[in-house]
Amino acid sequence: MDVSAASTRQLVRMRGRSYVAFVFCPTVPIVGWLEEIDATLARSPGFFVGKPVVLDLSAVDLSQSAIAHLVTSLKQRNIRVLGIEGVDAAQVTTSMPPLLTGGRHCVLAQVEPRKPEAKPKPTSLLLESPVRSGQSVVFTEGDVTVLGSVGSGAEIVAGGSIHIYGTLRGRAMAGVNGNSAARIYCQKIEAELLAIDGYYQTAEDINATLRNRPAQAWLDGEIMKITPLN
Amino acid sequence: MAKVLVVTSGKGGVGKTTSTAALGAALAQMGERVVVVDFDVGLRNLDLVLGAERRVVFDLINVVQGVAKLSQALIRDKRLENLWLLPASQTRDKDALTEEGVGSIIADLRTKFDWILCDSPAGIERGATLAMRYADEAVIVTNPEVSSVRDSDRIIGMLDSKTVKAERGERVEKHVLITRYDSARASRGEMLSIEDILEILATPLLGIIPESQDVLRASNVGSPVTLNNAASAPARAYIDAVRRLMGETVTMMVPVERKGLMNRLLGRRAA
């Protein structure tokens, strides 16, 4: 058996299949119609990219060169024409897309380009520099993290917890939206005031033995607890 | 390239004007072309410290308002030919300063000098914000006391947000200058320590100026301390600070008090 001889004798099978394509029905003036296309492209660029497009020219009477010009105009806009419909066979040259007949109407599923989904709002705020005296950082959407110290006379207001990787010398108010599970953490506690969900302690109330140590503040019912962090 | 350096502090009476004069004179002595600009409109002092108060004809406000030309308002120091003063007005107040006016003066001075030292008024209002507005670098004058350090912290926050450089997303180079450092009180633990100050301000140290009668004496005779008595401890500390500003590496000397026998017997008291 000669394998190569056997393969050359394979039959070419033909099958018919129908597809859905966009049909463009240009109207006169063609220039105005092209402007409409441009407007569509401006709204959603790439809308027709890779989509099969058929030109139905039955509504207009175009010469051969005009049809050729129209096809190239569409090509410049990245729209490739799959076939032409509604003209005499004589008007279509071999360099143009083939003439199609027998098209049937169908409902075209409107494929709107998906709008970029709105990014979910960040739920934490990171501050990479120290918060200086007099500065007020308000972030009610979630946690605040400070990579540095919070100066005396500065304040941090957060909807969630507050994390300070430095000394807290100012005021920290966590869980301002009624989040009693929020906590305040700091590397060194010298705070003027700590508050969680409206319950607060001032510097005077903070146990002196905690001073200058890593600590966290949290709510136990209606009592604010400040405990060392180790 | 000209550098605009603001000498600021927030708190009053910490030594901004004295430091501006001392730093300016030391820079001029090193051959730099220096102008010191007094932003304390209404309460001008820099002319006194420089001993130029009898030669003031036009001032900063006159130039801002176009009454006088910049060259008419600049006063050249009699001792240092590289040192110039642009005095403030004593009869007006800070509202007479405009952002555009100050901006055009600073731009003009940049073409004429190597260093433009802006002596900021105390506070955080118009005078202080306009003094720092166009700064490339800042010297934050701090005394070793909690109130002064907290005010300095506030000013550093403003330098990082309210200056043209900060608004462009660049950084104003900041230096802390500790003045009126009393080594005797420090050894007794009665002042904030250098470490504590730097820890709170998180900003590099430019120098430590000891508390000294020489500073007061120099101000009274209208001469910057670096010029009046260059061998004195505060003058040497200012000169070292200027060398650091110029990019030299100079070891930091912490002024120390010679302990007497009684002190040694009593030992150090903890803070």
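Procedures and definitions
Residues numbered from 1 in each chain as written. Chains lettered and ligands numbered in written order. Predicted model: local features only at pLDDT ≥ 70, side-chain atom pairs only at ≥ 80, totals over all residues. Heavy atoms only, no water. Helix = DSSP H or I, 4+ residues; strand = E, 2+ residues; numbered from the N terminus. Buried < 20%, exposed > 50% of the residue type's maximum accessible area, 1.4 Å probe, protein only. Polar contact = N/O pair within 3.5 Å; in protein donor to acceptor, adjacent residues only side chain to side chain. Contact = heavy atoms within 4.5 Å. Pairing = 2+ DSSP bridges. Salt bridge = Lys/Arg side-chain N within 4 Å of Asp/Glu carboxyl O. Phe/Tyr/Trp six-rings, centres within 6.5 Å; stacked < 30°, edge-to-face > 60°. Lys NZ or Arg CZ within 6 Å of the ring centre and 35° of its normal.

Colleague: Explain the side chain of Ser149(A) to me, and be specific about the residues and the numbers.
Modeller: Residues and elements named next belong to chain A. Looking at the element boundaries, Ser149 is found in the loop between strand 7 (143-146) and strand 8 (155-158). Using a relative accessible area of 14% as the deciding quantity, one classes Ser149 as buried. A distance of 3.0 Å separates a polar atom in the side chain of Ser149 from the backbone nitrogen of Thr167. Aside from chain neighbours lying at most four places away, what touches Ser149 is Pro130, Val131, Gly166, Thr167 and Arg169.

Colleague: Go over the sheet that holds strand 2 (residues 53-56) of chain A, please, and point to the residues and values.
Modeller: Residues and elements named next belong to chain A. Ordered in space as 1-2-3-4, the four strands form an open sheet in which the pairing is parallel. Strands at the two margins of the open sheet, each flanked by one partner only, are strand 1 (22-24) and strand 4 (99-100). Across four bridges, strand 2 lies against strand 3 (residues 81-85) in parallel orientation. Note on strand 3: the bridge partner recorded for Asp56 is Glu85.

Colleague: Which residues make up the pattern of salt bridges, and what are the values?
Modeller: With the rule as written, the count across this model stands at 25 salt bridges over all chains. Arg132(A) is the salt-bridge partner of Asp153(B), the closest N and O atoms lying 2.9 Å from each other. In this pair, Asp153(B) sits in helix 7 (residues 146-159) while Arg132(A) sits in the loop between strand 5 (124-127) and strand 6 (136-139), so the two residues belong to two different chains. Across the pair, Arg132(A) and Asp153(B) agree in class, each one buried. Linking Glu190(A) and Arg169(A) is a salt bridge whose minimum nitrogen-to-oxygen distance equals 3.9 Å. Here Arg169(A) lies in the loop between strand 9 (162-168) and strand 10 (171-174) and Glu190(A) lies in the loop between strand 11 (184-189) and strand 12 (193-196), a separation of 21 residues in the sequence. Given a relative accessible area of 25%, Glu190(A) falls into the partly exposed group.

Colleague: Describe the pairing of strand 6 (residues 137-142) of chain B, and please don't skip the residues or the numbers.
Modeller: Consecutive side chains of a regular strand alternate in pointing toward one face of the sheet and then the other. Residues and elements named next belong to chain B. Counting buried positions along strand 6 gives six out of six residues, so the element sits mostly inside the fold. Residues Glu137, Val139 and Val141 point to one face of strand 6 and Ala138, Ile140 and Thr142 to the other, with burial holding for every one of them. Where strand 1 (residues 3-8) meets strand 6, four bridges bridge the pair, whose relative direction is parallel. Its bridge partner lying in strand 6, Thr8 is registered against Ile140.

Colleague: Lay out the packing of aromatic side chains with the relevant residues and their values.
Modeller: Following the criterion strictly, the structure yields two aromatic pairs over all chains and no others. Ring centres 5.7 Å apart and planes at 70° place the aromatic pair Phe24(A) and Trp33(A) in the edge-to-face group. By the burial criterion, Phe24(A) is buried, and Trp33(A) matches it. With 6.3 Å between their ring centres and 70° between their planes, Trp84(B) and Phe113(B) make a pair best called edge-to-face. Residue Trp84(B) is found in strand 4 (residues 83-86), and its partner Phe113(B) is found in the loop between helix 5 (99-112) and strand 5 (115-119); the two are separated by 29 residues along the sequence. The exposure classification of Trp84(B) matches that of Phe113(B), with both residues buried. A cation over a ring is seen here: Arg33(B) above Phe113(B), with NZ or CZ 5.5 Å from the ring centre.

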